[in-house]
Amino acid sequence: MTQIEKKKTHTDQAWDLLYNRLEQDGLLPDTEGNKRTFLRSATFKWVASIAVLLVSMAVASIVINNNLKEQQLLSLHNEKDEATLVTTLEDGSIVYLADQTSLHYPKHFEKKKREVFLEGNAFFDVKGNRERPFVIETDQIQVEVLGTAFNVKGKDVDNFSLSVDRGEVKVTLKKTGQSIHIKAGETGLLHSNQLETVATKDMNQFQRYTKQIQFKDERLVDVVRVINKNADGVELEVAPGLEDRLLTVTFSNDSPYSMAQLICMALNLECVQQQNKIRISELK
């Protein structure tokens, strides 16, 4: 049997196993022969939907009238009651979008700054770059950061808040020009057109973004990077040549090894764990 035939046999067996499990759980439609990649496993306690090479981030012409020129932006939207939608921007910054939230951003940032537009609630893990400040625009607020992690709640116009997990940010109220600096452990609030700083009461708000996460058409290397940032004691590695493989997947309270297994099933790869490292590579 040739190497190609071995891989094909391995793939067919894997998908047949998944199909049988889905059929037993009642997750498949009645139409015969329609094998959908919506997976449920009580053993690994994950709920996931997989699609490879799906284009889910559409390019749209969006006019942002906040004293900015018209430009063509990418638009990413997370629907109501969906898992946190995670994307990695061009500069390596990671954005975790809550449900009913939209993010608009350029494919390539300007040379002097990195600017995005937010509608709703999101957690930002910004890659530091003092030469190119990271700027977030909302209807009422402008947030400027150099490199930090923070939670922005801008879904309700009358109840804006920003909590900083790491680093420091500058928040400016567009209507009045008032600015405040918010440091780690602090929260900025907007009350009666006035910004104020208080101690952060809910420190668990940052972790809640990562309990159930989804990726849409993200590069494998970026998915693994997010997993490693939130994993404790175990690190995933991607073999050279696989970094740009695209993946759409949802994880729910998974262990790193379970996530690695799901990735391998979706992309027809294999994973091997040695001590605290899990390596993802081509099938042998």
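This is a predicted model, so every value here is computed, not measured.

By size, the foremost hydrophobic cluster in this structure holds 33 residues, and its most contacted members are F215, L220, F251, I263 and I280. Listing elements by their share of this core, those giving two or more residues are β6 (94-97), β18 (212-219), α3 (220-230), β19 (235-238), β20 (246-252), α4 (256-267), β21 (269-274) and β22 (277-282). When residues in this core are grouped by element, the largest group, seven residues, is from α4. Contact partners of I263, with chain neighbours within four places excluded, come to L220, V223, I227, L247, F251 and I280. Ranked by size, the runner-up nonpolar core spans 31 residues in total, among them L85, V116, F160 and L162.

Attention shifts here to the environment of E270. If you trace the backbone, E270 turns up in strand β21. A relative accessible area of 21% means that E270 is categorised as partly exposed. Considered as a pair, E270 and L283 are 13 residues apart in the sequence and their alpha carbons are 5.5 Å apart. When sequence neighbours within four positions are dropped, the list of residues in contact with E270 reads C264, R279, I280, S281, E282, L283 and K284.

The three strands lie next to each other as β19-β22-β21, forming an open sheet whose pairing is mixed. Strands at the two margins of the open sheet, each flanked by one partner only, are β19 and β21. Averaged over all neighbouring strand pairs, the angle between strand axes comes to 25 degrees, with direction disregarded. Both β19 and β22 contribute to a ladder of four bridges, which runs parallel. Across the sheet, the residue bridging to E237 is R279, located in β22. On top of the sheet, α3 reaches β19, β21 and β22; it is set at about 165 degrees to β19, its chief contact. Contacting β19, β21 and β22, α4 runs over the sheet at an angle of about 155 degrees to β21.

With mixed pairing, nine strands are arranged side by side in an open sheet as β17-β16-β13-β12-β9-β6-β5-β18-β20. Each edge of the sheet is formed by a strand with only one pairing partner; in this case those strands are β17 (194-199) and β20. Ignoring which end each strand starts from, the neighbouring axes of this sheet average 20 degrees apart. Bridge count for strand β13 (residues 161-166) against strand β16 (residues 186-191) is three bridges, and the pairing is antiparallel. Paired with L162 across the bridge in β16 is G188.

Turning to α4, a few remarks are in order. Its twelve residues place the ends of α4 17 Å apart at the C-alpha level, agreeing with the 16 Å of an ideal helix rising 1.5 Å per residue. Burial in α4 covers these residues: P256, S258, M259, A260, L262, I263, C264, A266 and L267. Taken from the residues just after α4, N268 is the one with a positive phi, measuring 60 degrees.

By the definition in use, this model includes eleven salt bridges. Close ionic contact of R166 with D125 constitutes a salt bridge, the shortest N to O distance being 2.8 Å. Residue R166 is located in strand β13, and its partner D125 is located in strand β9 (residues 121-125); the two are separated by 41 residues in the primary sequence. With a relative accessible area of 39%, R166 lands in the partly exposed category. A salt bridge links D202 to R208; the nearest nitrogen and oxygen atoms lie 2.2 Å apart. Accessibility expressed as a relative area gives 29% for D202, which makes it partly exposed.

This part is about the pairing of β6. The side-chain alternation of β6 yields two buried faces, one formed by I94 and Y96 and the other by V95 and L97. Relative to β6, strand β5 (residues 84-88) runs antiparallel, the two sharing four bridges. Opposite L85, over in β6, you have L97 as the bridge partner. What sits between β5 and β6 in their antiparallel hairpin is a turn of five residues, with G92 showing a positive phi close to 100 degrees. With four bridges joining them, β6 and β9 adopt antiparallel strand pairing. Residue pairing in the sheet places I94 in a bridge with D125 of β9.

Conventions used here
Here the residue numbering is sequential within each chain, running from 1 through the sequence in written order. Totals for whole chains, interfaces and linings use every residue, but because this is a predicted model, local features are given only for residues with pLDDT of at least 70 and side-chain atom pairs only at 80 or more, for both listing and counting. Water and hydrogen atoms play no part in the side-chain values, which are based on all heavy atoms of the structure. Among the buried residues, those of types Ala, Val, Leu, Ile, Met, Phe, Trp, Tyr and Cys that are joined through side-chain atoms within 4.5 Å form a nonpolar core. When a residue's accessible area, from a 1.4 Å probe over protein chains only, is under 20% of the maximum for its type it is buried; when over 50% it is exposed; and in between it is partly exposed. Helix and strand definitions follow DSSP, with helices as H or I runs of at least four residues and strands as E runs of at least two, each counted in order from the N terminus. We call two residues in contact when some of their heavy atoms are within 4.5 Å. Strands are labelled as partners when DSSP assigns at least two bridges between them. What counts as an axis is a line fitted to C-alpha atoms, over the stretch in contact for a helix, and the angles between N-to-C directions run from 0 to 180 degrees. Any helix carries an expected span of 1.5 Å times its number of residues minus one. Basic side-chain nitrogens of Lys or Arg form a salt bridge, by our definition, when they fall within 4 Å of a carboxyl oxygen of Asp or Glu.

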